[in-house]
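An overview of the molecular structure
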Amino acid sequence: MGPTITSTSRFYFTTSTMYSIPKMSCPFLGVIRRKEAVNISFRLRSLASLHSLPAEVADFVKGAVDECKPSGVHIVTGTPEETANIYAGLEKEGMVKKLPKYENCWLARTDPKDVARVESKTVIVTKNQGDTIPIPTGGAKSQLGSWMSESDWEKARQERFPGCMTGRTMYVIPFSMGPVGSSLAKYGVQVTDSPYVVASMGIMTRMGTPALNKLSEGVEFVRCQHSLGRPFPLKAPLVNAWPCNPDKVLISHLPDTRQILSYGSGYGGNSLLGKKCFALRIASRIAKDEGWLAEHMLILGITNPEGVKRYVAAAFPSACGKTNLAMMKPALPGWKVECVGDDIAWMKFDAQGKLRAINPENGFFGVAPGTSYKTNPYAMSTIAKNTVFTNVGETSDGGIWWEGLDTPADGITLTDWHGKTWKHGSGTACAHPNSRFCAPAAQCPIIDPQWESEEGVPIDAIIFGGRRPQGVPLVYESFNWQHGVFVGASMRSEATAAAEHQGKVIMHDPFAMRPFFGYNFGNYLTHWLSMETRKAPTHLPKIFHVNWFRKDPSSGAFLWPGFGENARVLEWIFKRCGRESDDEAAKKSIVGWLPEDGAINTQGLSGSVDMGALLDVPKHFWQNETKELRAYFSQQVGADLPAKVEAELKALEDRVSDN
Ligand code: SAT
Ligand code: MN
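Quick caveat, the model's predicted, so the values are computed rather than measured.

Definitions and cut-offs
Residues numbered from 1 in each chain as written. Chains lettered and ligands numbered in written order. Predicted model: local features only at pLDDT ≥ 70, side-chain atom pairs only at ≥ 80, totals over all residues. Heavy atoms only, no water. Helix = DSSP H or I, 4+ residues; strand = E, 2+ residues; numbered from the N terminus. Rg over C-alpha atoms; globule rule 2.2 N^0.38 Å. Buried < 20%, exposed > 50% of the residue type's maximum accessible area, 1.4 Å probe, protein only. Contact = heavy atoms within 4.5 Å. Lys, Arg positive; Asp, Glu negative; His and termini not counted. Charge placed at Lys NZ, Arg CZ, Asp CG, Glu CD. Donors = N, O, S within 2.8 Å, 3.2 Å for Na, K, Ca; no water. Phe/Tyr/Trp six-rings, centres within 6.5 Å; stacked < 30°, edge-to-face > 60°. Salt bridge = Lys/Arg side-chain N within 4 Å of Asp/Glu carboxyl O. Near = heavy atom within 4 Å. Polar contact = N/O pair within 3.5 Å; in protein donor to acceptor, adjacent residues only side chain to side chain. Areas by Shrake-Rupley, 256 points an atom, 1.4 Å probe, with all protein chains shown as cover. Nonpolar A, V, L, I, M, F, W, Y, C, P; charged D, E, K, R; others polar. pLDDT = per-residue confidence, 0-100. Axes fitted to C-alpha atoms, helices over the stretch in contact; angles between N-to-C directions. Left-handed = near helix turned anticlockwise from the far one by under 90°. Pairing = 2+ DSSP bridges. Parallel < 35°, antiparallel > 145°, perpendicular 65-115°, else oblique.

Counting secondary structure elements, the protein contains 17 helices and 32 strands. What you see for the protein is a C-alpha radius of gyration of 25 Å, in line with the 26 Å of a compact globule of 659 residues. Dimensions along the principal axes, computed over C-alpha positions, put the protein at roughly 90 × 60 × 50 Å. The buried share of the protein, reckoned over its 659 residues, is 59%. Considering only contacts in the protein between residues 6 or more positions apart, those separated by 24 or more positions represent 74%. Side-chain charges in the protein split into 71 positive and 67 negative, and the spacing between the mean points of these groups amounts to 5 Å.

Rendered as structure tokens:
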């Protein structure tokens, strides 16, 4: 028995706040009749609402309906009542449970096969491979993205999407990346059969009527099609009531037509398509076409004790504490840090030539383990209400727990992310290492007053960083823009929690964009270099590199305390932005400008910190580093490496050479 539909209509549309879960059988004829009547009325109402959709959105939705064959369509408005109904429906289905210890907080446990982004199943589809990735030399596999041919993609689509939403409701999510109306914002429409995705997109993006109104003005939008890939009737039981289809996962991007089609996963960046898929992969391509930058960067504002404020954007690979830095509580008296965003920056030069940045997101999707009152007190306040937690542990008094938080009070017991009783020392993790909180950015106590400004905040400095146990100084500044682009291209970091990488290898992660490039990395470098030769007025930000993670080679202990003390490094960066001469508070080294002796304020640092060791630039280390970089660029970027980046590599080789 078809669920909530009549025999003559295949589907209904609704903008109502009703949450519809398919009922696969109904024993009472009378109930069915009443349902039919109700559903006919839905259908009539919603057909009318489909007509009210902007024509291009309606075309997209009709196309998706024809292909995916949902039993109903719900156009998301984003009202509080609608949101409440979505959560109620999720709870009824067993996909989330309420956490009574907090206000409007929810816990989801996924199928253990659906716990992270799946890089190996993430592809970019273009006519030519060279548009997506540099062709590696010597038969190596590209580490800079994955290309799929148009014909392979067509086949993959046919194997997945037809009928994939049978028995499920298709939600139509109009959304804006960036404040609605901002000159830097972009719009999207995501269709999905996952109400969990609707709830999460409601936190992470500006979702619903305001975005739809903008779409009615005829703005361009990215077409995002997402399905869990578990139509009814189910062929196998769900695990944890979490629909997904891990064997068939495919996250595909068509940058030429601004489309994203994602199948089989309901979690994180695989399914919240506004985030990595749109705001990085597709947006980086749009940015190249339109002359701006879409980057994997946090944005923060820093104010000195005199009240002067600057904004910086910073790119770090995963496991470097990006969210912690974005919400830092400075250990330096009188300094203030405010958060604009913790993950993505869209940056564009304004008419005066200032680089302006917005955070295209509306929430934080942060890694839970390791977040604590000690490492990030502001994140802890941010997630105190209206937050969805996924794959974290649970306390017996209806709260959350993960590795890094204090041990719960006596008498409180723990349940792990699988839903099993858990005890300290059990040898397993209570929270999955990639468990997340999803919380509204506006709840961050140090959210920047300008975080939703339409023109974006002015960026004075760009910071690259990595987790480098050896050889890389605490901070240095690039000699100039071109050298800074080379520094970004040369980023490497020690991989830690990432499941697919074994051991503590130092991985290349240029611009922290390795998994997120929307087009050929060689062309991406050319695009960055072109900022210097723009015809319009341009005040380029200064470019820095930091490393909080250098270790004492003999003891293995970190040389720098990190966290709030990183403000001392930001202070030097801050001063360098307002300098009058290149050598102010700095000395030239083989890698760039280093703080001169005493330029990093160490007053009040508890314990002894060996600044000499932190700022040392060992020649032998850098000789090896340049060798490694040359091998990487030649194998992974090959002929697509811009001559200017090659020239910077050569210049570094010359500087480190013994001759
Ligand atoms: O799952 S996400 O891609 O959104 C988060 C991450 O992997 O950085
Ligand atoms: Mn990220």
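A few words on the coordination of the manganese ion (ligand 2). In an ideal tetrahedron of four donors about a metal, each angle is 109.5 degrees. In an ideal octahedron of six donors, the angles are 90 or 180 degrees. At this site the manganese ion (ligand 2) is bound by Lys276 (NZ), His296 (NE2) and Asp343 (OD), with donor distances of 2.1 to 2.2 Å. Of note, the donors binding the manganese ion (ligand 2) are all from one chain and are spaced K-x19-H-x46-D. Of this pair, Lys276 sits in helix 9 (residues 274-290) while His296 sits in the loop between strand 13 (293-295) and strand 14 (298-303); the two residues are 20 residues apart in sequence, bridging distant segments of the chain. We classify Lys276 as buried; its relative accessible area is 7%. With relative accessibility at 7%, the residue His296 sits in the buried group.

Turning next to the packing of aromatic side chains. This structure, assessed with the given rule, holds 26 aromatic pairs. Geometrically, the ring pair formed by Trp335 and Phe574 is edge-to-face, given 5.1 Å between the ring centres and 85° between the ring planes. With Trp335 in the loop between helix 10 (322-326) and strand 16 (336-341) and Phe574 in helix 14 (residues 567-577), this pair connects stretches of sequence that are 239 residues apart. Exposure class is identical for Trp335 and Phe574. Each is buried. Here Phe464 and Trp528 contribute two aromatic rings whose centre-to-centre distance is 6.2 Å and whose plane-to-plane angle is 50°, an arrangement assigned as tilted. Of this pair, Phe464 sits in strand 26 (residues 457-465) while Trp528 sits in helix 13 (residues 521-530); the two residues are 64 residues apart in sequence, bridging distant segments of the chain.

Moving on: the pattern of salt bridges. Throughout the structure, instances matching the rule amount to 36 salt bridges. Measuring nitrogen to oxygen at the nearest pair gives 3.3 Å for the salt bridge that ties Glu150 to Lys127. Taken together, the residues span a long stretch of sequence, with Glu150 in helix 5 (residues 150-160) and Lys127 in the loop between strand 5 (122-125) and helix 4 (129-132) at a distance of 23 residues. For Glu150, a relative accessible area of 36% corresponds to the partly exposed category. Owing to a relative accessible area of 58%, Lys127 belongs among the exposed residues under this scheme. Measuring nitrogen to oxygen at the nearest pair gives 3.0 Å for the salt bridge that ties Arg356 to Asp350. Since its relative accessible area comes to 19%, Arg356 is described here as buried. One salt-bridge network, held together by shared partners, links Lys275, Lys276, Lys322, Asp343 and Glu361.

Right, let's get into the site of ligand 1. The immediate surroundings of ligand 1 are formed by Arg117, Gly268, Gly269, Lys275, Lys276, Phe365 and Arg436. Measuring from an oxygen atom of ligand 1, one finds a side-chain N or O atom of Arg117 at 2.7 Å. Between ligand 1 and Gly269, the relevant distance is 2.8 Å, taken from an oxygen atom to a main-chain nitrogen or oxygen of the residue. When isolated, ligand 1 has an accessible area of 250 Å², and the protein chains bury 88% of it. Elements that contribute at least two residues to the shell around ligand 1 include exactly helix 8 (268-271) and helix 9. Among the residues making up the shell around ligand 1, the classes are represented as 1 nonpolar, 2 polar and 4 charged.

Turning our attention to the confidence of the model for the protein. Within the protein, residue pLDDT values average 92, and 91% of them lie at 70 or more. Predicted confidence is poor over residues 1-11, with pLDDT under 50, and the contacts of this stretch with residues over four places away or in other chains come to 27 contacts. Scored below 50 in pLDDT, residues 15-33 shows 38 contacts in the model against residues more than four places distant or in partner chains.

Another point: the packing of helix 3 (residues 80-93) against helix 6 (residues 195-204). The contact between helix 3 and helix 6 brings their axes to 9 Å, and the two run at 145°. For the pair helix 3 and helix 6, the sense of crossing is left-handed. Residue-level contacts link Ile86, Tyr87, Leu90 and Glu93 of helix 3 to Pro195, Tyr196, Val198, Ala199 and Ile203 of helix 6. Residue composition of the contact of helix 3 with helix 6, grouped by class: 8 nonpolar, no polar and 1 charged.

Taking strand neighbours across the sheet as the criterion, the 5 strands line up as 3-4-20-25-19 in an open arrangement whose pairing is mixed. With one partner strand each, in any of the chains shown, strand 3 (96-98) and strand 19 (363-367) form the two edges of the open sheet. Neighbour-to-neighbour, the strand axes of the sheet open up by a mean angle of 20°, direction not taken into account. In the packing of helix 3 onto the sheet, contacts are made with strand 3, strand 4 (106-108) and strand 20 (388-390), and the angle to strand 3 comes to roughly 110°.

For helix 14, the tally of buried residues reaches 10 of 11 residues, placing the bulk of the element in the interior. Considered for burial, the residues of helix 14 that qualify are Ala567, Arg568, Val569, Leu570, Glu571, Trp572, Ile573, Phe574, Arg576 and Cys577.

In the contact formed by helix 16 (residues 619-637) and helix 17 (residues 643-656), the axes pass within 9 Å of each other and the chain directions differ by 155°. Looking at the two axes, helix 16 sits roughly antiparallel to helix 17. As helix 16 packs across helix 17, the resulting crossing turns out to be left-handed. Within the contact between the two elements, helix 16 uses Lys619, Trp622, Gln623, Thr626, Leu629, Arg630 and Phe633 and helix 17 uses Glu646, Leu649, Lys650, Leu652, Glu653, Arg655 and Val656. Among the residues making up the contact of helix 16 with helix 17, the classes are represented as 6 nonpolar, 2 polar and 6 charged.

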